[in-house]
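# Tertiary structure, described
The lines below spell out each chain.
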Amino acid sequence: IKADAYILATGHSARDIFTLLHRKKLLIEAKPFALGVRIEHPQALIDSIQYHCPVRHEFLPPASYSLVQQVEEKGVFSFCMCPGGIIAPASTDPGELVVNGWSPSKRNNPFANSGMVVQVQEEDAIKSLKGLENDPLLMMRFQQMVEQEAFKAGGGGFVAPAMRMQDFVNRKISAALPSNSYLPGLQPADLQQVLPSFIYNSLAGGFKAFGKKLKGYLTNEAVVVATESRTSSPVRIPRDNDTLAHPQAGNLYPCAEGAGYAGGIVSAAMDGERVAEKIAQKIFS
C-alpha cells in the first residue's frame with residue numbers, strides 16, 4: 001500500500017517485526033528491560049496488611065501495593081499489580097512460557113497478583129549469551145532464553161513452574177503449591193534453574209526487604225510463578241529527535257511501546273499523538 005507516511009506502532013512483543021527490520025538491514029538497537037516473576041497472594045492477606053485490620057470493610061476497594069528495592073545495584077520492583085486479579089498465560093511463540101496478570105472490572109477474584117521484576121542491562125545478557133555482544137536482538141534473545149527454560153520446567157501445556165514465596169527465598173523446592181488463579185496449572189520447580197542467577201538473587205533479596213516493609217507479605221501463602229518477561233520492549237527502533245522518522249527511512253515513523261518509546265497504554269497514546277502531529281506538519285506545511 002503506497003502512502004506518504006507509515007506509522008510503525010506494534011506492541012512490545014512483535015518479534016516478527018523486529019526480525020524483519022533486522023533482516024532488511026534497517027537499524028534497530030538492543031534496549032534494557034526488566035524480567036522476573038508473577039507473585040500471587042490471597043487478596044484477604046493483602047487487604048489485612050494494607051488496611052491494618054483482619055477484614056476489609058465492604059466500602060473499601062481490594063487493596064493494592066507498589067514496591068521497589070535496590071538489591072546489589074539492581075532495581076527490583078512491582079509491575080502491573082492486579083488486585084482481585086488473575087494470572088494468565090501470555091506466550092506468543094511455541095515452546096516458550098510467559099505469564100501476565102489482569103483484574104476483572106469488579107476486582108472480585110480471591111487473589112492479588114503482581115509482576116515482580118529486575119532490571120536487565122546489556123552486560124547482564126552478554127554473560128548468558130556469549131558471542132552476541134553486537135547483536136541488536138541480544139535482549140530479545142535473552143528474553144526468549146528464559147521463557148524457553150520456564151516452558152521446559154513447567155513440562156509443557158502452558159503449565160507454569162512455581163515455588164512458594166518463603167521457599168523461593170530459602171532456595172527450597174516446594175512440596176506442594178497453594179490455591180491460585182492460574183488455570184493451566186502450576187508445577188513445583190526449582191526456579192534457580194529457570195531464572196539467571198542475578199535475577200533470582202535480586203528477587204530473593206527484594207522479597208526479604210518487602211517482608212519488612214509490609215508485615216506478612218513474605219509468606220508461604222504466596223506463590224511465585226515464572227516468568228514475567230514482557231514488561232517493555234527489548235528492542236528500540238531509532239528515530240530522529242526532530243522529525244521522529246527512522247534515520248534510514250524518512251517516511252517510516254517508529255512509535256510507542258514496540259519501538260521503545262513508551263511503557264504503557266497512556267504513554268503509548270501520547271507518543272502516537274506526537275507522531276501524528278509531526279506527520280501532519282510535514283504533509284500540510
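Scroll up a little and you will see the structure.
The paragraphs below set out a description of the structure included in this document. (Residues numbered from 1 in each chain as written. Predicted model: local features only at pLDDT ≥ 70, side-chain atom pairs only at ≥ 80, totals over all residues. Heavy atoms only, no water.)

## Some remarks on the overall build of the chain
If you tally the helices and strands in the chain, you get 8 helices and 13 strands. Taking 2.2 N^0.38 as the reference for a compact globule, 285 residues should give roughly 19 Å; the C-alpha atoms of the chain span a radius of gyration of 20 Å, in line with that estimate. A principal-axis box enclosing the C-alpha atoms of the chain has dimensions of 65 × 50 × 35 Å. Looking at the chain as a whole, 50% of its 285 residues qualify as buried. Looking at the chain alone, contacts between residues at least 24 apart form 73% of all its contacts between residues at least 6 apart. Of the accessible surface of the chain, which amounts to about 13,700 Å², a share of 54% is contributed by carbon and sulfur atoms. In the chain, 28 positive and 27 negative side-chain charges are present, and the distance between their average locations comes to 2 Å. (Helix = DSSP H or I, 4+ residues; strand = E, 2+ residues; numbered from the N terminus. Rg over C-alpha atoms; globule rule 2.2 N^0.38 Å. Buried < 20%, exposed > 50% of the residue type's maximum accessible area, 1.4 Å probe, protein only. Contact = heavy atoms within 4.5 Å. Areas by Shrake-Rupley, 256 points an atom, 1.4 Å probe, with all protein chains shown as cover. Lys, Arg positive; Asp, Glu negative; His and termini not counted. Charge placed at Lys NZ, Arg CZ, Asp CG, Glu CD.)

## Concerning the sheet that holds strand S5 (residues 74-82)
With mixed pairing, the 7 strands of this open sheet are ordered in space as S4-S5-S8-S3-S11-S9-S10. Bordering the open sheet on either side are strand S4 (68-71) and strand S10 (186-188), each of which pairs with just one other strand. The sheet shows a mean angle of 35° between the axes of neighbouring strands, taken without regard to direction. Taken together, the 3 bridges between strand S9 (residues 160-164) and strand S11 (residues 223-228) define a ladder with antiparallel strand orientation. Paired with Arg164 across the strands is Val223, a residue of S11. Here helix H2 (residues 43-51) sits on the sheet and contacts strand S3 (33-42) and strand S8 (111-120); the angle it forms with S3, its principal contact strand, is near 95°. With respect to the sheet, helix H6 (residues 197-213) is in contact with S3, S4, S5, S8, S9 and S11, its orientation differing from that of S8 by roughly 130°. (Pairing = 2+ DSSP bridges. Axes fitted to C-alpha atoms, helices over the stretch in contact; angles between N-to-C directions.)

## Section: the pattern of salt bridges
Within the structure shown, the criterion is met by 10 salt bridges. Its salt-bridge partner being Arg239, residue Asp271 comes within 2.7 Å of it at the nearest N-O pair. Here Asp271, found in helix H8 (residues 265-284), pairs with Arg239, found in the loop between strand S12 (235-236) and strand S13 (252-254); they are 32 residues apart in sequence, far enough to count as distant. Taking the relative accessible area as the measure of exposure, Arg239 reaches 11% and is therefore buried. Residues joined by salt bridges that share partners form a network here, namely Arg15, Asp93, Glu96, Glu147 and Arg230. (Salt bridge = Lys/Arg side-chain N within 4 Å of Asp/Glu carboxyl O.)

## Here we look at the nonpolar core
One finds Met116, Phe142, Phe168, Leu195, Leu203, Phe207 and Tyr217 to be the most contacted residues of the largest nonpolar core, which totals 54 residues. It is H6 that provides the largest number of residues to this core, a total of 7 residues. Sequence-distant contacts of Leu203, defined by excluding residues within four places in its chain, comprise Gly36, Val37, Val76, Met116, Val117, Val118, Phe168 and Leu195. Counting residues in each nonpolar core, the second largest holds 13 residues, with Ala14, Phe18, Ile28 and Leu137 among its members. (Core = buried A, V, L, I, M, F, W, Y, C linked by side-chain atoms within 4.5 Å.)

## A short note on the state of the cysteines
Overall, the coordinates contain 0 disulfides when judged by the stated rule. Free cysteine Cys80: the closest other cysteine sulfur is in Cys82, separated by 4.0 Å. (Disulfide = S-S within 2.5 Å.)

## A closer look at the environment of Pro188
One can find Pro188 in strand S10. Once the C-alpha coordinates of Pro188 and Pro161 are considered, the two residues, 27 residues apart in sequence, prove to be 5.8 Å apart. Those residues in contact with Pro188 that lie beyond four places of it in its chain are Ala162, Ser174, Ala175 and Leu177.

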